[in-house]
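This is what each chain is made of:
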Amino acid sequence: MNAFIENMPKAELHLHIEGTFEPELMMEIARRNRIALAYNSVEEIKRAYRFSNLQDFLDIYYQGANVLQTEQDFYDLTYHYLKKCAAQNIRHVEIMFDPQTHTSRGIPFKTVIDGITRAMTDAEKNLEVSSLLIMSYLRHLSEEDAFKTLEEALPYKDKICCVGLDSSEKGNPPSKFERVFKKSVEEGFIPLAHAGEEGDASYVREAIELLGVKRIDHGNNAMQDPELVAEIIERDLALTVCPLSNTALKVVDDLKNHPLKKMMDSGLKVTVNSDDPAFFGGHLNDNYIRIQEALNLSTDDLYQLAKNSFIYSFASPEKKKKYLRELDEYFEKHKKFSHNNG
Ligand code: ADE
Ligand code: ZN
């Protein structure tokens, strides 16, 4: 079953590039930029990755991102992740980046986006992994700050597909960003947002009704409100669910109690994603493997999850068709296996 999952074509739709920063690469970049880290070894860094909630994690995540300085640093970070995608049979990925984490430290927007997009172009050519970019506003900062970021992004409009909303959810509801999302949509960006990770169902409702999101990042807590679930289904909005993130941040106490299967059974369009793989103990294939084991998912469930990852991506219709054909061929080839295992 594990090999079957590993070789299955899939897309990743919820991934923070800063969250792919492996301790080894972090130490290497810190060294070349002559920046002192608060840790002396990879083991020490890994030991610090014990979180009791989202904020605990974010404090360490922003600290790690501080060592990124040059265009080459952003290139190396992104290409390192895209190589992992190729090795996991991830055919397409939608990468979130947090410009404010870098511009607030004096790193130019151009440095960040040039490094990331150069790696994306190289990966499409050399690794056959397609990708697009999601610019996420940090919700713990003001809406005014988000407006400034939008202004900075406008010259790079053709390189950014969507806007998102991430960071500390509780106390920073989607309504705080209604105006900047309206302007972002007018400028041609597709709106997305983290909602219902730690925040309750009302955060998901606001993301849909006030921001007009076209996909929901996490969305677990929508399950608290059956009417909301019906509305999400009616609007055909997919959820980017992140199992290992949820257990690492104590959103869910144990993978065996993860709501993913219940979400699927209630009619929600669910996808599996890694969120911040360097921090949460696993990349995308680990998320699939661990959640399959924990919830005893069938091969039909796996097919549906992988299919959703392509259908609810923002890849071009031609690419979607190609990837969905690959997925169908994969399942056709392994029919016997699929048949024997659910
Ligand atoms: N930034 C990076 N990962 C995040 C998550 N899981 N929730 C909110 N903000 C994030
Ligand atoms: Zn996230």
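Provided above is the structure to which this section pertains.
On a predicted model such as this, the values are computed, not experimentally measured, just so you know.

For the rest of this paragraph, the subject is the overall build of the protein chain. Looking only at helices and strands, one finds 18 helices and 9 strands in the protein chain. Whereas a compact globule of 342 residues would reach a radius of gyration of roughly 20 Å, the protein chain reaches 19 Å, a difference of no more than 12%. Dimensions along the principal axes, computed over C-alpha positions, put the protein chain at roughly 55 × 40 × 40 Å. Per-residue burial for the protein chain yields a buried fraction of 58% across its 342 residues. Put simply, of all contacts in the protein chain between residues at least 6 apart along the chain, 77% involve residues at least 24 apart. Of the roughly 14000 Å² of accessible surface on the protein chain, 48% is carried by carbon and sulfur atoms. Taking the average place of the 42 positive charges on the side chains of the protein chain and the average place of its 55 negative ones, the gap between the two points comes to 4 Å.

Before going further, it helps to examine the pairing of strand β3 (residues 130-138). Counted residue by residue, β3 has 9 buried out of 9 residues, so it is predominantly covered. A two-sided burial pattern is seen for β3, the buried positions comprising Ser 130, Leu 132, Ile 134, Ser 136 and Leu 138 on one face and Ser 131, Leu 133, Met 135 and Tyr 137 on the other. Across 6 bridges, the pairing between strand β2 (residues 90-97) and β3 is parallel. Residue His 92 lies in a different strand from β3, and its bridge partner there is Ser 130. Where β3 meets strand β4 (residues 162-166), 5 bridges bridge the pair, whose relative direction is parallel. Looking at the pairing, Ile 134 lines up with Cys 162 of β4. For the handedness criterion, the β-α-β arrangement of β3, helix α8 (residues 143-153) and β4 is classed as right-handed.

Attention shifts here to the sheet that holds strand β9 (residues 269-272). If you trace the 4 strands from one edge of the open sheet to the other, you get β6-β7-β8-β9, paired in parallel fashion. Of all the strands in the sheet, just β6 (193-195) and β9 have a single pairing partner and so form its edges. Ignoring strand direction, the axes of neighbouring strands in this sheet form an average angle of 35 degrees.

A word on the sheet that holds strand β5 (residues 190-191). The strand order across the open sheet formed by 5 strands is β1-β2-β3-β4-β5, and the pairing between neighbours is parallel. Across the chains shown, the open sheet's two edge strands, defined by having one partner strand only, are β1 (10-16) and β5. In the packing of helix α9 (residues 178-186) onto the sheet, the strands contacted are β3, β4 and β5, and the crossing angle to β4 comes to about 160 degrees.

Counting residues in each nonpolar core, the largest one holds 107 residues, and the members touching the most others are Phe 97, Ile 232 and Leu 260. For Ile 232, the contacting residues outside a window of four places in its chain are Val 204, Ile 208, Ile 216, Ala 222, Leu 237, Leu 239 and Leu 268.

Turning next to the coordination of the zinc ion (ligand 2). Ligation of the zinc ion (ligand 2) by protein atoms is provided by His 14 (NE2), His 16 (NE2), His 194 (NE2) and Asp 275 (OD), these donors lying 2.0 to 2.3 Å from the ion. Here the zinc ion (ligand 2) binds 4 donor atoms, and the angle range of 85 to 175 degrees at the metal identifies the geometry as irregular. Donor residues for the zinc ion (ligand 2), ordered by position in the chain, follow H-x1-H-x177-H-x80-D. Highlighted residues: His 16 in strand β1 and His 194 in strand β6, separated in sequence by 178 residues. As far as burial versus exposure is concerned, His 16 and His 194 are alike and both buried.

Let's shift gears to helix α4 (residues 54-65). Across its 12 residues, α4 extends 16 Å between first and last C-alpha, which sits within 8% of the 16 Å expected from 1.5 Å per residue. Contact partners of the buried residues in α4: β1, α2 (23-32), α6 (99-103), β3 and α14 (277-280). Between a side-chain oxygen at the N-terminus of α4 and the backbone nitrogen of Gln 55 the separation is 3.2 Å; the capping residue is Asn 53.

The rules we used
- Residues numbered from 1 in each chain as written.
- Chains lettered and ligands numbered in written order.
- Predicted model: local features only at pLDDT ≥ 70, side-chain atom pairs only at ≥ 80, totals over all residues.
- Heavy atoms only, no water.
- Helix = DSSP H or I, 4+ residues; strand = E, 2+ residues; numbered from the N terminus.
- Rg over C-alpha atoms; globule rule 2.2 N^0.38 Å.
- Buried < 20%, exposed > 50% of the residue type's maximum accessible area, 1.4 Å probe, protein only.
- Contact = heavy atoms within 4.5 Å.
- Areas by Shrake-Rupley, 256 points an atom, 1.4 Å probe, with all protein chains shown as cover.
- Lys, Arg positive; Asp, Glu negative; His and termini not counted.
- Charge placed at Lys NZ, Arg CZ, Asp CG, Glu CD.
- Pairing = 2+ DSSP bridges.
- Right-handed = clockwise from strand over helix to strand, strands pointing away.
- Axes fitted to C-alpha atoms, helices over the stretch in contact; angles between N-to-C directions.
- Core = buried A, V, L, I, M, F, W, Y, C linked by side-chain atoms within 4.5 Å.
- Donors = N, O, S within 2.8 Å, 3.2 Å for Na, K, Ca; no water.
- Tetrahedral: all angles 85-135°; square planar, octahedral: opposite > 155°, others 65-115°.
- Expected span 1.5 Å × (residues − 1).
- Polar contact = N/O pair within 3.5 Å; in protein donor to acceptor, adjacent residues only side chain to side chain.

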